[in-house]
Amino acid sequence: HEDYYFGLEDVLSPEQWSMIYEATPSATAPQRESIDSLTSAEQVVAAQTASPLPMIPAIVLTHGGAFPFPAGFPAAAIEQLWTTAQQDLAALIPGTPLIVTPASSHYIQLDRPDLVIAAIYDVVEAVRDPSTWATPIASPPTR
């Protein structure tokens, strides 16, 4: 969620930001694509303004387990930003459930592939048969 990255800019020191987003990987680290997170977030905001999400079935899955932040990082503030951003993401389309997976890290697809597969099946079924899609949820479920 774009607000997460804007919020990180406020809670991380310049050194912490650089450690995460500007660090040069070591020769032994897996290669990863770099991204300008703030520019990307600005592009998402512009795209949402130009064309809001349609009313389609969706499910937001989020980690509930501890994220391994480096020592000295404001973990509680970062987690609060993440939680708020995930709630906002689910709220973009009324009726979108937010499922918190307590024992999962950020990589839910690795920790709980069963849950990811079930969510995909639920969304596909809802597209095929809209009557299967539940009404808005009052509070996020935990699985």
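Higher on the page you've got the structure.
As the structure is a prediction and not an experimental result, all values here were calculated from the model. (Residues numbered from 1 in each chain as written. Predicted model: local features only at pLDDT ≥ 70, side-chain atom pairs only at ≥ 80, totals over all residues. Heavy atoms only, no water.)

S.K.: Provide a residue-level description of the overall build of the protein, including the pertinent values.
M.R.: Assigned secondary structure in the protein consists of six helices and two strands. Ordered by position in the sequence, the α and β elements of the protein form the string α-α-α-β-α-β-α-α. Looking at the protein as a whole, 24% of its 143 residues are labelled buried. For the protein, contacts bridging at least 24 residues in sequence account for 76% of all contacts bridging at least 6. For the protein, the exposed area adds up to about 9,300 Å²; of that, 60% sits on carbon and sulfur atoms. (Helix = DSSP H or I, 4+ residues; strand = E, 2+ residues; numbered from the N terminus. Buried < 20%, exposed > 50% of the residue type's maximum accessible area, 1.4 Å probe, protein only. Contact = heavy atoms within 4.5 Å. Areas by Shrake-Rupley, 256 points an atom, 1.4 Å probe, with all protein chains shown as cover.)

S.K.: Just give me the short version of the packing of aromatic side chains, but keep the residues and values in it.
M.R.: The tally for this structure, following the rule as stated, stands at three aromatic pairs. An angle of 80 degrees between the planes, with centres 5.2 Å apart, marks the rings of Y4 and Y5 as edge-to-face. Accessibility expressed as a relative area gives 26% for Y5, which makes it partly exposed. Centre to centre, the rings of Y4 and W82 are 5.0 Å apart; their planes meet at 85 degrees, and the pair counts as edge-to-face. On the criterion of sequence distance, the pair formed by Y4 in helix α1 (residues 2-11) and W82 in helix α4 (residues 75-91) is long-range, its members being 78 residues apart. (Phe/Tyr/Trp six-rings, centres within 6.5 Å; stacked < 30°, edge-to-face > 60°.)

S.K.: Just give me the short version of a negative patch on the surface, but keep the residues and values in it.
M.R.: On the surface, a cluster of negative charge is made up of E9, D10, E22, D36 and E42. Relative to the elements of secondary structure, E42 occurs in helix α3 (residues 37-50). With a relative accessible area of 49%, E42 lands in the partly exposed category. (Patch = residues over 30% accessible without salt bridge, like charges linked within 9 Å, V, L, I, M, F, W, Y side chains within 5 Å. Salt bridge = Lys/Arg side-chain N within 4 Å of Asp/Glu carboxyl O. Lys, Arg positive; Asp, Glu negative; His and termini not counted. Charge placed at Lys NZ, Arg CZ, Asp CG, Glu CD.)

S.K.: Tell me about the environment of Y107, residues and numbers included.
M.R.: Residue placement: Y107 occurs in the loop between β2 (98-101) and α5 (108-111). For Y107, a relative accessible area of 46% corresponds to the partly exposed category. For the pair Y107 and F67, spaced 40 residues apart in sequence, the C-alpha to C-alpha distance is 10.0 Å.

S.K.: Hey, could you go over the nonpolar core for me, with residue numbers and the actual values?
M.R.: Membership of the largest hydrophobic core is limited to nine residues, which are Y4, L8, L12, W17, L38, F73, I78, W82 and A85. Secondary-structure elements contributing two or more residues to this core are α1 and α4. (Core = buried A, V, L, I, M, F, W, Y, C linked by side-chain atoms within 4.5 Å.)

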